[in-house]
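The residues making up each chain are set out below.
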Amino acid sequence: QVELVESGGGLVQPGGSLRLSCTASGSIFSTNPVIWYRQGPGKQREWVAAITPRGNTNYADSVKGRFTISRDNTESTVYLQMNNLKPEDTAVYYCYNSPHSWGQGTQVTVSS
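Residues numbered from 1 in each chain as written. Predicted model: local features only at pLDDT ≥ 70, side-chain atom pairs only at ≥ 80, totals over all residues. Heavy atoms only, no water.

A.B. asks: Just give me the short version of the side chain of Arg-66, but keep the residues and values in it.
C.D. replies: Within the secondary structure, Arg-66 is located in the loop between β6 (57–59) and β7 (67–72). For Arg-66, a relative accessible area of 9% corresponds to the buried category. Here Asp-89 takes part through its side chain, which lies 2.8 Å from a polar atom of the side chain of Arg-66. (Helix = DSSP H or I, 4+ residues; strand = E, 2+ residues; numbered from the N terminus. Buried < 20%, exposed > 50% of the residue type's maximum accessible area, 1.4 Å probe, protein only. Polar contact = N/O pair within 3.5 Å; in protein donor to acceptor, adjacent residues only side chain to side chain.)

Here's what the structure looks like:
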């Protein structure tokens, strides 16, 4: 199985923006959806956004209207554009695409 690799996290002020990237290192995504998950401190892992091979998307209520998931099939990359970030968005963000293995995640911290 190929490891998924996330990048783009960092420290940002409330109201700011970040763009996360996900790639299947050395390979391409499967025909299964690519899903962004996150796990904040003391919280359960939750799904954030998902995208199908042909570009259909779904979002958790907590991020709808603020986050946008997209994919660039030429570059085999999935993005998560995060706008109007809130402190409660602080979490480690992971992408998942069966049957590839989980990556290390990327830390997003929203704080003033």
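A.B. asks: Talk me through the sheet that holds strand β10 (residues 106–110); I want residue IDs and the actual numbers.
C.D. replies: Pairing between the strands of a sheet is mediated by backbone hydrogen bonds and can be parallel or antiparallel. Here we have six strands laid out as an open sheet, ordered β2-β10-β9-β4-β5-β6, and mixed in their pairing. Two strands close off the open sheet at either side, each with one partner strand: β2 (10–12) and β6. Strand after strand, the sheet turns through a mean of 25° between neighbouring axes, direction not considered. Here strand β4 (residues 34–39) pairs with strand β5 (residues 46–51) via five bridges, running antiparallel. Residue Val-34 lies in a different strand from β5, and its bridge partner there is Ile-51. (Pairing = 2+ DSSP bridges. Axes fitted to C-alpha atoms, helices over the stretch in contact; angles between N-to-C directions.)

A.B. asks: Got a sec to walk through the pattern of salt bridges? Specific residues and values, please.
C.D. replies: A full pass over the atoms with the stated rule returns three salt bridges. Note that Glu-46 and Arg-38 form a salt bridge whose closest N and O atoms lie 2.7 Å from each other. A relative accessible area of 33% means that Glu-46 is categorised as partly exposed. When the shortest N-O distance is used, the salt bridge between Asp-89 and Arg-66 registers 2.8 Å. Separated by 23 residues along the polypeptide, Asp-89 in the loop between β8 (77–82) and β9 (91–96) and Arg-66 in the loop between β6 and β7 bring together distant segments of the chain. Residues joined in a network through salt bridges with shared partners are Arg-38, Glu-46, Arg-66 and Asp-89. (Salt bridge = Lys/Arg side-chain N within 4 Å of Asp/Glu carboxyl O.)

The values reported here are purely geometric and, on their own, carry no functional implication.
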